[in-house]
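So you can see what is in the structure, the chains are spelled out below.
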Amino acid sequence: MLSSLQSHEEEEEPTTNPTTTSFIPTTPSQFLIPTSASPRQILMRCAELMHHGDRPMALRIASFLISVVSPIGDSSDRVVYHFAQALTRLIESSNASSSPSTSMNKCGTQLVQPSYLAFNQITPFLRFAHLTANQAILEAIDGHRGVHIIDMDTAHGFQWPPLLQAIAVHGYRGDGSPPSVRITGAGTDVNALRRTADRLHAFARSLGLPFQFNPLYLHSYNLGSSLMQLHQSSSSTEKGEVLIVNCVLFLHKLLYGDRDERQLHDFLSTVRAMGPAVVTIAERELGVASAPQDFFRVFSESLEYYTAIFEALEATVQPNSVERREVEERWLGEEIKESLVPAGGTRGAGGMRFERWDVIMRENGFTPRRLSEYSLSQARLLLRLHYPSEGYQLHVSKEGLFLGWQARALFSVSSWQ
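Quantities reported herein were computed from a predicted structural model and do not represent experimental measurements. (Residues numbered from 1 in each chain as written. Predicted model: local features only at pLDDT ≥ 70, side-chain atom pairs only at ≥ 80, totals over all residues. Heavy atoms only, no water.)

Draft legend 1. Representation of the nonpolar core. If you look at the biggest cluster of nonpolar residues, it comprises 71 residues, and the most contacted ones within it are Phe 83, Leu 87, Phe 299, Tyr 306, Leu 332 and Leu 340. In terms of residues, this core owes the most to one element, helix H10 (residues 295-316), which gives 12 residues. Not counting residues up to four positions away in its chain, the partners in contact with Phe 83 are Leu 43, Phe 299, Ser 302, Leu 303, Tyr 306, Ile 336 and Leu 340. Ranked by size, the runner-up nonpolar core spans 29 residues in total, among them Phe 250, Leu 251, Leu 264 and Met 274. (Core = buried A, V, L, I, M, F, W, Y, C linked by side-chain atoms within 4.5 Å. Buried < 20%, exposed > 50% of the residue type's maximum accessible area, 1.4 Å probe, protein only. Helix = DSSP H or I, 4+ residues; strand = E, 2+ residues; numbered from the N terminus. Contact = heavy atoms within 4.5 Å.)

Structure follows, in structure tokens:
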């Protein structure tokens, strides 16, 4: 049955070994799939067809994979299933002559909130990013009478209760009293921002902490005129306040549809002019390309990345977990689709690896601020207490802190000034 899945366009013999899955053919001549091929090998054949523009055949193979692999099987089956689903959606959207849609705002909608909560609960990645960024912020505000944090993607505000509690308990002012905290929270969902403001105000009151939350509504992640709003927000920073710009899982969103990175550079130039004491950045260690002709490389890297994520879930979460299925179907499934958007002709939203972020930050006048040993100790404690598995690995460099599964780095956090 599998051997019948070959290109309908030409009948010549393939020029390469059909069992080889790592090559990119120079022509789409004939894509024979041996009967012994694994679902992952078939998926790679599908990606090769997409690379050469044979979308009808790629759709046929992707549909076949969806019918034979299980979304509740082992990690290898599940990751193949979700990549096949992503390919199917991309092809169908392009066939309908529409731009591939992405869920750039998925964190800010009530619809997908359960998957965000579940992802935060069963994986260490978001908590690691929040904890490490918060420690850099705490160290920057030490001794100041107040802090103004501009949070570029507030979502549900889960990053901030631990920070508020740490400030209330430990003080961080010279006289031991807590500094005032002001958060300008940005997002594309005004209702989510209002709910977040209510929760954070209530929590700060329970701590007796001076607190303000000012929503900054972004019409989209195509910032445009919002850069002026951003600069105006920073100008309201009061004397004695330290200014922090927090970019946890935000910068990659500025890459969507932006092949020359102009919007990203404009944003960083604006931030630089604001003069923050610290800029905190957390991103996935996943690179994307800026052009459709790079699709096969994009696909291969994305598959490698999410294979590690699914293997981590396989090893650390119960097989019948409702939360795991929610995360994989509603959260990771959307991320996978976003990472493959270059197939539709625009830059994807997957992100870049730290090496590229490092270059971009330096180009825009920032220098790395070394994360403290305490940041590393906290991250180790987080893993030991809540995610006890030898598979999760921490790596520290002078520029940042990395969390991965086995030998594959998956998330990075860094601090800049």
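From this point, things continue past the structure.
Draft legend 2. Structural detail: the side chain of Glu 301. Mapping Glu 301 onto the fold places it in helix H10. Residue classification places Glu 301 among the buried positions, given a relative accessible area of 13%. With residues up to four places along the chain from it excluded, the contact list for Glu 301 reads Glu 285, Leu 286, Gly 287, Arg 353 and Arg 408.

Draft legend 3. Geometry of the environment of Glu 241. Considering the arrangement of structural elements, one finds Glu 241 in strand E4 (residues 241-248). For Glu 241, a relative accessible area of 12% puts it in the buried group. The spatial distance from the C-alpha of Glu 241 to the C-alpha of His 148 is 6.3 Å, given a sequence separation of 93 residues. Apart from residues lying up to four places away in sequence, Glu 241 is in contact with Gly 146, Val 147, His 148, Ser 180, Arg 182 and Ser 236.

Draft legend 4. Inspection of the confidence of the model for the protein chain at higher detail. Mean pLDDT for the protein chain: 83, with 80% of residues reaching 70 or above. Ranking the helices and strands of the protein chain by mean pLDDT puts strand E5 (residues 278-284) first, with 97, and helix H8 (residues 226-235) last, with 73. Note on residues 1-29: pLDDT under 50 across the span, and 69 contacts to partners over four residues away in sequence or across chains. Ignoring residues within four places in sequence, the model shows residues 343-348, a span with pLDDT below 50, making 29 contacts including any to other chains. (pLDDT = per-residue confidence, 0-100.)

Draft legend 5. Up close: the pairing of strand E2 (residues 180-187). Of all eight residues in E2, seven are buried; the element is thus mostly enclosed. Looking at chain direction, E2 and strand E3 (residues 211-217) are connected through seven bridges and run parallel. Along E3, the bridge assignment pairs Gly 187 with Tyr 217. Each parallel crossover has a hand, and for E2 linked through helix H7 (residues 190-207) to E3 it is right-handed. (Pairing = 2+ DSSP bridges. Right-handed = clockwise from strand over helix to strand, strands pointing away.)

Draft legend 6. Quick peek at the pattern of salt bridges. For the coordinates displayed, the defined rule picks out 17 salt bridges. For Glu 328, the salt bridge goes to Arg 78, with nearest N and O atoms at 2.8 Å. Placement of the pair is Glu 328 in helix H11 (residues 322-339) and Arg 78 in helix H3 (residues 75-95), with a sequence separation of 250 residues. Each of the two residues, Glu 328 as well as Arg 78, counts as buried. For Glu 328, the salt bridge goes to Arg 324, with nearest N and O atoms at 3.9 Å. Separated by four residues within a single helix, Glu 328 and Arg 324 lie in helix H11, roughly one turn from each other. Its relative accessible area of 4% is what places Arg 324 among the buried residues. Here the salt bridges do not stand alone but share partners, grouping Arg 78, Glu 314, Arg 324 and Glu 328 into one network. (Salt bridge = Lys/Arg side-chain N within 4 Å of Asp/Glu carboxyl O.)

Draft legend 7. Inspection of the packing of helix H5 (residues 125-141) against helix H6 (residues 160-170) at higher detail. Put simply, H5 and H6 touch, their axes get as near as 10 Å, and they point 35 degrees apart. Regarding H5 and H6, the two cross each other, and that crossing is right-handed. Mapping the contact onto sequence places Asn 134, Ile 137, Leu 138 and Ile 141 in H5 and Trp 160, Pro 162, Leu 163, Ala 166 and Ile 167 in H6. Residue composition of the contact of H5 with H6, by class: eight nonpolar, one polar and no charged. (Axes fitted to C-alpha atoms, helices over the stretch in contact; angles between N-to-C directions. Left-handed = near helix turned anticlockwise from the far one by under 90°. Nonpolar A, V, L, I, M, F, W, Y, C, P; charged D, E, K, R; others polar.)

Draft legend 8. Representation of the packing of aromatic side chains within the structure. As enumerated under the stated definition, the model contains 13 aromatic pairs in all. Aromatic side chains Phe 119 and Trp 331 sit 5.8 Å apart centroid to centroid with 25 degrees between the ring planes, which places their arrangement in the stacked category. Taken together, the positions of Phe 119 in helix H4 (residues 113-122) and Trp 331 in helix H11 put the pair 212 residues apart, joining distant regions of the chain. Judged by relative accessible area, Phe 119 falls into the buried class, the value being 2%. For Trp 331, a relative accessible area of 3% translates into the label buried. Taken together, the ring pairs in this structure connect Tyr 116, Phe 119, Phe 125, Phe 158, Trp 331, Tyr 392, Trp 405 and Phe 411 into an aromatic cluster. Taking the ring centre of Phe 366 as reference, the NZ or CZ of Arg 272 above it sits at 5.6 Å. (Phe/Tyr/Trp six-rings, centres within 6.5 Å; stacked < 30°, edge-to-face > 60°. Lys NZ or Arg CZ within 6 Å of the ring centre and 35° of its normal.)

Draft legend 9. The side chain of His 148, seen in detail. On the secondary structure map, His 148 appears in strand E1 (residues 146-151). A relative accessible area of 0% places His 148 in the buried class. Within the structure, His 148 has its side chain in polar contact with the side chain of Thr 184 (distance 2.8 Å). Here His 148 is in contact with Arg 182, Thr 184, Ser 233, Ser 234, Ser 236, Thr 237, Glu 241, Val 242, Leu 243 and Ile 244, once residues within four sequence places are set aside. (Polar contact = N/O pair within 3.5 Å; in protein donor to acceptor, adjacent residues only side chain to side chain.)

Draft legend 10. Summary view of the sheet that holds E2. Pairing is mixed across the open sheet formed by eight strands, whose spatial order is E3-E2-E1-E4-E5-E8-E7-E6. Looking at the sheet topology across the chains shown, the edges are occupied by E3 and strand E6 (392-396). Across the sheet, the mean angle separating the axes of adjacent strands is 15 degrees when strand polarity is ignored. When E1 meets E2, the two strands line up parallel, connected through six bridges. Following the sheet pairing, Gly 146 is matched in E2 by Ser 180.

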